[in-house]
Amino acid sequence: MRSREAVLRAIEECDLLGPGVFRDRYRFGRRTKFDLVFEGRAYDPKAIIGVAHGYEYPDEGQLTAADFSGGTSQMGSCVNWALRSLARSRARAWADRGTRTGRGTS
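Residues numbered from 1 in each chain as written. Predicted model: local features only at pLDDT ≥ 70, side-chain atom pairs only at ≥ 80, totals over all residues. Heavy atoms only, no water.

I tried to follow the overall build of the protein chain on my own but got confused; where do I start?
When its secondary structure is counted, the protein chain shows four helices and two strands. Each helix (α) and strand (β) of the protein chain, taken in turn from the N terminus, gives the series α-α-β-β-α-α. Split into buried and exposed, the 106 residues of the protein chain put 35% on the buried side. In the protein chain, the share of contacts with a sequence separation of at least 24, taken over all contacts with a separation of at least 6, comes to 62%. (Helix = DSSP H or I, 4+ residues; strand = E, 2+ residues; numbered from the N terminus. Buried < 20%, exposed > 50% of the residue type's maximum accessible area, 1.4 Å probe, protein only. Contact = heavy atoms within 4.5 Å.)

Here is the structure:
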């Protein structure tokens, strides 16, 4: 996965549906060890990344819970990637916001 937009879209869908309905819709169970935290809210990283994969690669579809069988190291790297991507997205939004308000980024 390379798309920040796909991750943000999955987070937006989760916010709209609520975490329980989101997990049920995409057949993910409750998270156990990891949280993906974005803007102060905790999300199930497997569900978010799995759904985001479907947005980015519609021909392949979403990943399922069974696709995350790599254990702690795989999940940790997925969460780290998602957090780095979201941080870049957020930094870009703040830079754009400063430009639009005439404050600049310096």
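Is there a simple way to think about the nonpolar core in this case?
Across soluble globular proteins, nonpolar side chains have a tendency to be buried as a group. Ranked by internal contacts, the top residues of the largest apolar core, which has 17 residues, are Ile11, Phe22, Tyr43 and Ile48. When residues of this core are traced back to their parent elements, those giving at least two are helix 1 (4–17), helix 2 (19–26), strand 1 (36–38) and helix 3 (45–56). (Core = buried A, V, L, I, M, F, W, Y, C linked by side-chain atoms within 4.5 Å.)

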